[in-house]
Amino acid sequence: MALPVAEWQGRTARLWAALEPALRERLAAASLQDAVRLGCDVLRSKEEEEAALEQLCHQAPTDKKPEAASWYREQGNQEFKQGRYQAALRLYSRVCLEDIARAESHGYPDRLLPKVLLRKAECLLCLGRLQDAQDVLRVLESKIALDGAMTTHLTRLKKLSQLKVKLGEKERCPEPAQGEHGGTQGEPEIWEENSSISGASSSLSLSFDAERGRHLVASQDIMAGQSLVKEEAFVSVLCPGESLALQDGDTAWDTRATNADLYCHRCLRQLLASVPCQGCSYAQYCSQDCADRAWQQYHRTECPLGALLLTLGVFCHVALRTVLLAGYAEVSRLVEGSHCGDKNLQNPEGSCRPLSEADAGAGSRGVPGCDSSGQYQSSYQALFHLLPNTEQHSPEHKFLCTLSVVALCKQLQAAGLEAAVLSQESPQQCSKPKTCEKTSEELSPELKTVAEAMLRHVLQLQCNAQAITVMQEMGPGDGAVVDKKPVRLATAFFPVLSLLNHSCCPNTSVSFSGTSVTVRAAQPISSGQEVLHCYGPHWCRMRVAERQQLLRQYFFECRCPACLQELQSGVKSVVSIRNSFCCPKCQAQMQGEEDTLCCSVEACATSASRDHLSGRLQDLQQEIKKALELLRVGKADQAIKKLLKCQMDAGTFLSPEHLLMGEMEDHLAQVYATVGKWQEAARHLRKSIEIVEMHHGPSSVETGHELFKLAQILFNGFAVSEALSTIQRAEGILSVHFGPQSAQMQELQEMKACLSELPRNILQRT
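Residues numbered from 1 in each chain as written. Predicted model: local features only at pLDDT ≥ 70, side-chain atom pairs only at ≥ 80, totals over all residues. Heavy atoms only, no water.

Draft legend 1. View of the pattern of salt bridges. Taken as a whole, this structure holds 22 salt bridges when the rule is applied. The residue Arg 11 makes a salt bridge to Glu 49 at a minimum N-O spacing of 2.9 Å. In this pair, Arg 11 is assigned in helix α1 (residues 6-18) and Glu 49 in helix α4 (residues 47-57), connecting sequence segments 38 residues apart. The shortest N-O distance in the salt bridge between Glu 330 and Arg 333 comes to 2.9 Å. A residue pair is termed a helical-turn pair when its members lie 3 or 4 positions apart in one helix, as Glu 330 and Arg 333 do in helix α15 (residues 328-339) at three residues. Here the residues in one salt-bridge network are Asp 41, Arg 44, Glu 442 and Lys 448, joined through shared partners. (Salt bridge = Lys/Arg side-chain N within 4 Å of Asp/Glu carboxyl O. Helix = DSSP H or I, 4+ residues; strand = E, 2+ residues; numbered from the N terminus.)

Next comes the structure, spelled out in structure tokens:
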């Protein structure tokens, strides 16, 4: 979660309410520097709060538990026996991970390592990770040879020999690589970088005015699908995912897979055989190189504070990692500059004058965040100048952030990590940190500077944090048809991406690859038109009132064309109409703003309670979840029956165009595809696509994803002609949103190439 755990939020709220009114007024009006000083005073006089925070950290343990190894091994064995190789590999990786030495250093029983390594190698073979499997087998051979007692390993030697044969067979007959079967990979995109804005296209320019602040404008006509921004995150922190708090008596060892188990904590690549941190049980990496880089750059400081960082939330973690990556010298320079009468750093956009076209062409020296030569770089200086909106945050929220940052810096000092924060040198000195103890000592002046910068960044994140998302497989994942949905993976700072203002009807599409972002034009953009990004609330997905409510966290009132049209005309949005309830008797639309809804057909005059219909909708959603659970455990026939029953029930009170009606069609397509009934699956998915197009438009990314699934179903069902036409349409949409090199585009091209190579007589029949 972005903010601290609920218990710590509750304690700070009660503490705020108990403060003297005069102190509350001082804190509410305080500058960032004064807020840190006052926060130190409050925590020094309330030592019980630090003790409570330390107790909360026990619910998120990140220290190594040597005795957990055998438990994870047994859990891995159970997954392996049931053919769930990825789950088994994840659990085995928690035992032996990258190499024998690491497992031995944590007390894993020496006699059990060969058996675990055999299982791990077999998992890697099943998953096609041939080089990794070969490495594991090589380690296993050397381990058995060193043991000397060969007779105790006869069974394992036989298994080892069998695995080596399998490995050789797979190496001689490898899986077809991407781009084979005559498929043509997408042409590289033409890209000319902007001379004034790092990571931005030369077709953009940086502008400023009092109403919109800093923003990007098209300096020439832009085509749909054209790349506009390619930026690497200045900092990113993996969101750990949902995890239940430990109760008394619960084991700290968990087999549930969260983001923290599935992705590299540095580069965000998907994990199979992970390399763990040697000091904690939380951080995992895709390679030793990533582990070493993370350790050098920031993790040697974060490692002993893992439980505290999980307790204080992702925003505090991002703030700490930001100052560690920037380095104390740069942090100190900018913080001190904000104390020396530089009002630009308190309100970065307050003293800017509007930029004319001539100004934009000559550079942007007057725009906050630009360097002395007028360049806007994806740098700490640009990040530091993002608006913290200090005066707009509620005093209670600012107090929570202040106490959290000060408590974190006090623990840095208590753990002997101050030198690492200030110099980022001598990592060996930090590999065995002191035990964190309560400290009532005053923070050093240097750590107060760090705390002030961190407080600034935590406040900035509410308006400038970017969620890095990934398309994650949902459902049983049997490989025939892959259902993917976007999932929040990490929180990051992208200084250049942050220049894009919000619109509920944006003209761009954003996609991620690891820690990098690409912004593409979702439609043609004329020269002089502002380039706009959706912060989440989209006109296709929610009503104007809901959008305006959600956008309040960004401290502005959206005046985009979609909002103005709905607000000024008073006409119900398309979302309201299509996601409405229908009359139980005549199926006409129900209408009304009060608790009682009436049929729109006067002759019918049927009425119903809004609460009653909303309750039916919630019950229906629960039944759909039960159907999907039946599918997950392999009971496809029962899942179909339950979904069809849900569909009949929904038809009695939901509009035929309701998004949930489309979702049920999608789920039915998924179940029928699981049992190989391709024609039925395609029929239901076509209905789903009709509803998705009504809500999101025929060229939307949502429609593209649905067409991608339909292409998979038609491909597997051997409906060649329709499959080829569907692939062509999906390519036209997805290439605009994700570019020609995306994984989905590559898979579409592979399917097209495979179908195109079929004998002519088969193509004619289909």
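Now that the structure has been shown, we can carry on.
Draft legend 2. Representation of the packing of aromatic side chains within the structure. Taken as a whole and judged by the stated rule, the model has eight aromatic pairs. Note on Phe 494 and Phe 512: the rings are 6.2 Å apart at their centroids and 45 degrees apart in plane angle, and the pair reads as tilted. Here Phe 494 is found in the loop between β8 (483-493) and β9 (501-502), whereas its partner Phe 512 is found in strand β10 (residues 508-513), with 18 residues between them in sequence. Accessibility classification places Phe 494 together with Phe 512 in one group, the buried group. Three or more aromatic residues joined by ring pairs form one cluster here, namely Phe 234, Tyr 380 and Phe 384. Over the ring of Phe 384 we find Arg 456, and its NZ or CZ is 4.2 Å from the ring centre. (Phe/Tyr/Trp six-rings, centres within 6.5 Å; stacked < 30°, edge-to-face > 60°. Buried < 20%, exposed > 50% of the residue type's maximum accessible area, 1.4 Å probe, protein only. Lys NZ or Arg CZ within 6 Å of the ring centre and 35° of its normal.)

Draft legend 3. Representation of the sheet that holds strand β13 (residues 590-591). Spatially, three strands are ordered β13-β14-β15 in an open sheet, and the strand pairing comes out antiparallel. Taken across any chain shown, the strands that pair with only one partner, and hence form the sheet edges, are β13 and β15 (607-609). In the sheet, strand β14 (residues 596-599) pairs with β15 via three bridges, with the strands oriented antiparallel. Following the sheet pairing, Leu 597 is matched in β15 by Ala 608. (Pairing = 2+ DSSP bridges.)

Draft legend 4. Looking closely at the side chain of Asn 259. Checked against the element boundaries, Asn 259 lands in helix α11 (residues 259-262). Judged by its relative accessible area of 9%, Asn 259 is buried. Side-chain polar atoms of Asn 259 contact the backbone oxygen of Cys 239, separated by 3.2 Å. Here Arg 488 takes part through its backbone oxygen, which lies 3.1 Å from a polar atom of the side chain of Asn 259. Once you skip the residues sitting within four places of it in the chain, Asn 259 turns out to touch Leu 238, Cys 239, Pro 240, Gln 472, Arg 488 and Leu 489. (Polar contact = N/O pair within 3.5 Å; in protein donor to acceptor, adjacent residues only side chain to side chain. Contact = heavy atoms within 4.5 Å.)

Draft legend 5. Geometry of the nonpolar core. Grouped together as the largest cluster of nonpolar side chains are 113 residues, with contacts concentrated most on Tyr 376, Tyr 380 and Met 454. Take this core: its biggest share by element is 10 residues, from helix α19 (residues 395-414). Apart from residues lying up to four places away in sequence, Tyr 380 is in contact with Phe 234, Thr 322, Val 323, Ala 326, Glu 330, Val 331, Leu 334, Ala 453 and His 457. Counting 53 residues, the second largest nonpolar core, distinct from the first, contains Ala 682, Val 720, Ile 733 and Leu 748. (Core = buried A, V, L, I, M, F, W, Y, C linked by side-chain atoms within 4.5 Å.)

Draft legend 6. Local environment of the sheet that holds β10. Taken together, the three strands give an open sheet; going across it, the order is β3-β11-β10, and neighbouring strands pair in antiparallel fashion. The open sheet has two edge strands with one neighbour each: β3 (227-232) and β10. When the angles between neighbouring strand axes are averaged without regard to direction, this sheet yields 15 degrees. Sheet topology note: the β10/strand β11 (residues 516-521) ladder contains six bridges and is antiparallel. In the sheet register, Ser 509 faces β11, and the bridge partner there is Arg 520. Against the sheet, helix α30 (residues 720-738) touches β10 and β11, its axis set at about 125 degrees to β11. (Axes fitted to C-alpha atoms, helices over the stretch in contact; angles between N-to-C directions.)

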